[in-house]
Amino acid sequence: MRIILLGEPGAGKGTYSSELVKKFCIPQISTGDMLRASVKAGTPLGRQAQEFMKKGELVPDSVVIELIRERIKEGDAAKGFILDGFPRTLPQAQSLDKMLLSMDISLSAVIKIEVGKAILLKRLTGRRVCKGCGATYNVDTMKPKKEGVCDKCGKELVQRPDDMPQTIENRLAVYQKDTAPLIEFYEKKGLLRPVQCEGEYKDVLGRLFAALEKVAKV
Ligand code: AP5
Ligand code: MG
């Protein structure tokens, strides 16, 4: 199964990806996580990306397209993958189409994660991530057992630098301008599966799995 999770910042792409990884045994490929790892490692790519990320702007298409081109060829992606945060512009989507065509494979579905703005803001401002393993929590909705400490590895939980109010507003605006056109792009291809992702977590997961099980049967 090859899936794209399309959704606004804070919609839950990363959170649901980790559930889908367990259920379908395919890797999550998150350009955001890959870029943050490069920033942390202080590579030239990381230093370039950081300038865009801290303002909530998109990193240039050429950079992320190359990251994905290499990553989807890796062995663990042969059975399928979950793309989280890629593509985010029409040129990225068109490049992905070409990459998949050249590998003689195709997408199974594009899950559109639907969440209203008030909830997005709450999810983003309340998000905390583990400094060690990157696990995600929320001070309102997904609390760790012990405040400020990761359940999985015991390291400190911190806010992402781009989760500050002004940067959040810019990220949401960038989504509307650059990424929302992908909804029509994938709708025309018959790949779009909208899933309402507000409400109880277990209900949201149930709706996501149901949408994907239909895809798996096709
Ligand atoms: P990226 O890391 O992809 O960030 P994003 O798209 O802004 O999305 P987020 O990671 O903020 O949100 P999410 O949807 O994963 O939500 P999460 O699961 O954490 O990108 C960061 C930056 O990198 C970009 O701004 C850009 O600069 C650059 N970049 C990345 N990809 C790029 C590309 N392709 N092209 C160019 N530039 C690129 O959930 C949010 C919170 O909600 C959490 O606290 C979670 O616990 C909580 N939560 C989730 N679901 C629920 C639920 N159902 N109920 C209650 N709480 C929930
Ligand atoms: Mg994420």
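See the structure printed just above.
Quick caveat: nothing in here was measured; it's all calculated off a predicted structure.

Focus on the packing of helix 2 (residues 31-41) against helix 4 (residues 61-71)
Between helix 2 and helix 4, the least distance of the axes is 11 Å, while the angle of their chain directions is 105°. Viewed along their axes, helix 2 and helix 4 adopt a mutual orientation that is roughly perpendicular. Residues Thr31, Met34 and Leu35 of helix 2 lie in contact with helix 4, whose contacting residues are Val64, Leu67, Ile68 and Arg71. Its residues placed into classes, the contact of helix 2 with helix 4 shows five nonpolar, one polar and one charged.

Quick look at unusual backbone geometry
Phenylalanine 86 connects to proline 87 through a cis peptide bond whose omega is -5°. Along the chain, the position of proline 87 falls in the loop between strand 3 (81-84) and helix 5 (90-102). Its identity is not glycine, yet cysteine 25 carries a phi of approximately 55°, on the positive side. Within the fold, cysteine 25 resides in the loop between helix 1 (13-24) and strand 2 (28-30). Here aspartate 104, not a glycine, exhibits a phi torsion of approximately 60°, which is positive. Structurally, the position occupied by aspartate 104 is in the loop between helix 5 and strand 4 (109-114). Relative accessible area serves as the criterion here: at 72%, aspartate 104 is assigned to the exposed category.

Quick look at the site of ligand 1
Around ligand 1, the structure places 34 residues, and the nearest of them are Thr15, Glu57, Arg88, Arg127 and Arg171. Between ligand 1 and arginine 36 there is a distance of 2.8 Å, counted from an oxygen atom to a side-chain nitrogen or oxygen. Here ligand 1, which alone exposes 1,000 Å², has 97% of that area covered by the protein. Sorting the residues of the shell around ligand 1 by element identifies helix 1, helix 2, helix 6 (117-125) and strand 6 (136-138) as the ones contributing at least two each. Grouping the constituent residues of the shell around ligand 1 by class yields 13 nonpolar, 11 polar and 10 charged.

Section: the pattern of salt bridges
In the structure shown here, the tally under the stated rule is 18 salt bridges. Close ionic contact of glutamate 114 with lysine 112 constitutes a salt bridge, the shortest N to O distance being 2.5 Å. You can call glutamate 114 partly exposed: its relative accessible area is 29%. Judged by its relative accessible area of 17%, lysine 112 falls in the buried class. Between lysine 177 and aspartate 178 there is a salt bridge whose closest N-O contact spans 3.2 Å. Residue class for lysine 177 comes out exposed when judged on its relative accessible area of 61%. Taking relative accessible area as the criterion, aspartate 178 reaches 23% and is therefore assigned partly exposed. Put simply, Arg127, Arg160, Asp162, Asp163 and Arg171 are held in one network by salt bridges that share partners.

Details of helix 6
Buried residues of helix 6: Leu120, Arg123 and Leu124, and no others. Within helix 6, the buried residues cover an arc of 95° as seen down the axis, which keeps them to one side. For helix 6, the secondary structure elements touched by its buried residues are helix 1, strand 5 (127-130), strand 6 and helix 7 (165-179).

Some thoughts on the sheet that holds strand 5
Ordered by their spatial adjacency, three strands build an open sheet running 6-5-7, and the pairing between neighbours is antiparallel. Only two strands of the sheet have a single neighbouring strand rather than two, namely strand 6 and strand 7 (157-158). Bridge analysis of strand 5 against strand 6 gives three bridges, and the strand direction is antiparallel. By the bridge assignment, arginine 128 is partnered in strand 6 with tyrosine 137. On the sheet, helix 6 packs against strand 5 and strand 6 and is oriented at approximately 35° with respect to strand 5.

Cut-off values and rules
Residues numbered from 1 in each chain as written. Chains lettered and ligands numbered in written order. Predicted model: local features only at pLDDT ≥ 70, side-chain atom pairs only at ≥ 80, totals over all residues. Heavy atoms only, no water. Axes fitted to C-alpha atoms, helices over the stretch in contact; angles between N-to-C directions. Helix = DSSP H or I, 4+ residues; strand = E, 2+ residues; numbered from the N terminus. Parallel < 35°, antiparallel > 145°, perpendicular 65-115°, else oblique. Contact = heavy atoms within 4.5 Å. Nonpolar A, V, L, I, M, F, W, Y, C, P; charged D, E, K, R; others polar. Buried < 20%, exposed > 50% of the residue type's maximum accessible area, 1.4 Å probe, protein only. Near = heavy atom within 4 Å. Polar contact = N/O pair within 3.5 Å; in protein donor to acceptor, adjacent residues only side chain to side chain. Areas by Shrake-Rupley, 256 points an atom, 1.4 Å probe, with all protein chains shown as cover. Salt bridge = Lys/Arg side-chain N within 4 Å of Asp/Glu carboxyl O. Arc of directions from axis to C-beta. Pairing = 2+ DSSP bridges.

Take it as geometry only, folks, not as evidence of what the structure does.
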